[in-house]
Amino acid sequence: MKYFYCLFIALSFAKTFGQHSNVKYITTPEIKKFISNIDYPIELNSGGVFYSIPLFQIPVDNVGIKLNLNYTSRGVKVGDTSGEFGQDWTLTIPKVSREVRGIPDELENGYLNPPNGFKIEDLYNRAYNRELDLQPDKFYFELNGKNGYFMFDDQTNKIITYPFTDLKIIPSLPHSILIIDSDGTEYHFGGKDNVANEINEIEEQDYVSTWNLVQIKKKNKSIFLNYTNKLNIFKTFINEKSVLYGSPEFLQKKDEKVYKMNRIRKPYLNQIVADN
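Note that this is a predicted model, so its numbers are computed, not measured. (Residues numbered from 1 in each chain as written. Predicted model: local features only at pLDDT ≥ 70, side-chain atom pairs only at ≥ 80, totals over all residues. Heavy atoms only, no water.)

Q: Could you give me a rundown of the nonpolar core, with the residues and numbers involved?
A: Counting 29 residues, the largest nonpolar core has I65, V96, I177, I179, Y187, F189 and L213 as the members making the most contacts within it. Contributions of two or more residues to this core are made by β2 (65-72), β5 (138-143), β6 (146-152), β9 (176-180), β10 (186-190), β12 (207-218) and β13 (221-238). If we ignore the near neighbours within four places in the chain, the residues touching I179 are V96, F141, L143, L167, K168, I169, T185, E186, Y187 and F189. The next biggest cluster of nonpolar side chains, apart from the first, holds seven residues, and it includes I31, F34, I38 and Y149. (Core = buried A, V, L, I, M, F, W, Y, C linked by side-chain atoms within 4.5 Å. Buried < 20%, exposed > 50% of the residue type's maximum accessible area, 1.4 Å probe, protein only. Helix = DSSP H or I, 4+ residues; strand = E, 2+ residues; numbered from the N terminus. Contact = heavy atoms within 4.5 Å.)

Written out as structure tokens, the structure reads:
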């Protein structure tokens, strides 16, 4: 009986709290496309189209950085917002971007900072009210042809990558993430000044949603990427089910479109410097 009770709570949490969190943690159209391309890569069986325009490449000891303008076709859904380069076009700046599931992991009551002491019967309400985080965030990455995502293990908080790779990942949340490839190449993302970070401004507390590449280092050679950070305000469509079940204050008729205004401090690449 206890097993079915716990299962019922878990299913209820997945339906209602999952919808609630989707309304809260919305990211830019570019990052949404970036995550979609990793979760659902273009292949012969999908019927999608992929097209890439190479812009330039800066080599560093046979590694370097490539900037391409990529197009992937998946169809346009109601409420889809085009990015800075047009619908379904993205610029391939290496980055790490996360999908928040519940609460950002490093924040209070997040997956890495759970509260002490609670009863099993309080599980649903505490999770819904953001007093408890039951799921680790998914951190998506892309660097020099390698992509996937990583999460924190639910027992040890160690990093698990999907698909499995021999990358060494050292997060220093919320500011920066270091990824070391098997050949020793270091990829530094973000920084303490947050200039290269995409920051979502929400009522409770701002959080970092994306860490852009700031340095590639191999042996005694490096490439540095510099950014300027500007505030972006844009609106996104919210599915009526998310509104009806997740935020009663936004209750409207089912046939009405509902939009949410978002404030995101976004980095823009303005300089690439290579030493040696």
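Having seen the structure, we can now continue with the description.
Q: Residues and numbers for the layout of surface pockets, please.
A: By rolling a water-sized probe across the atoms, one finds the places where empty space is left. Taken as a whole, the second largest pocket holds about 850 Å³ of empty space. Residue lining of the second largest pocket: 36 residues in total, with N70, L91, T92, I93 and E142 positioned closest to the centre. Contributing elements (two or more residues each) for the lining of the second largest pocket: α2 (29-39), β1 (50-58), β2, β3 (89-91), β5, β12 and β14 (258-274). (1 Å grid on protein atoms, 1.4 Å probe; cavity = no way out; pocket = protein on both sides within 12 Å on 5 of 7 lines; lining within 4 Å. Points joined across faces, edges and corners; volume = space filled by probe spheres on them.)

Q: Give me the lowdown on the side chain of D105, citing residues and values where you can.
A: Summarising the element assignment, D105 is placed in the loop between β4 (95-99) and α3 (123-128). Of the side chains with opposite charge, R98 lies nearest to the buried D105, which makes no salt bridge, at 5.3 Å. (Lys, Arg positive; Asp, Glu negative; His and termini not counted. Salt bridge = Lys/Arg side-chain N within 4 Å of Asp/Glu carboxyl O.)

Q: Can you break down the pattern of salt bridges residue by residue, with the values?
A: Tallied over the full model, the rule gives seven salt bridges. The partner of R98 in a salt bridge is E106, and the shortest N-O contact between them spans 2.7 Å. Each member of the pair, R98 as well as E106, is classed as buried. As a salt-bridge pair, D181 and K146 come within 2.6 Å of each other at their nearest N and O atoms. With D181 in the loop between β9 and β10 and K146 in strand β6, this residue pair connects regions lying 35 residues apart in the sequence. K146 gets classed as partly exposed once you look at its relative accessible area, which sits at 31%. Within this structure, E201, D206, R263 and R265 form a network of salt bridges that share partners.

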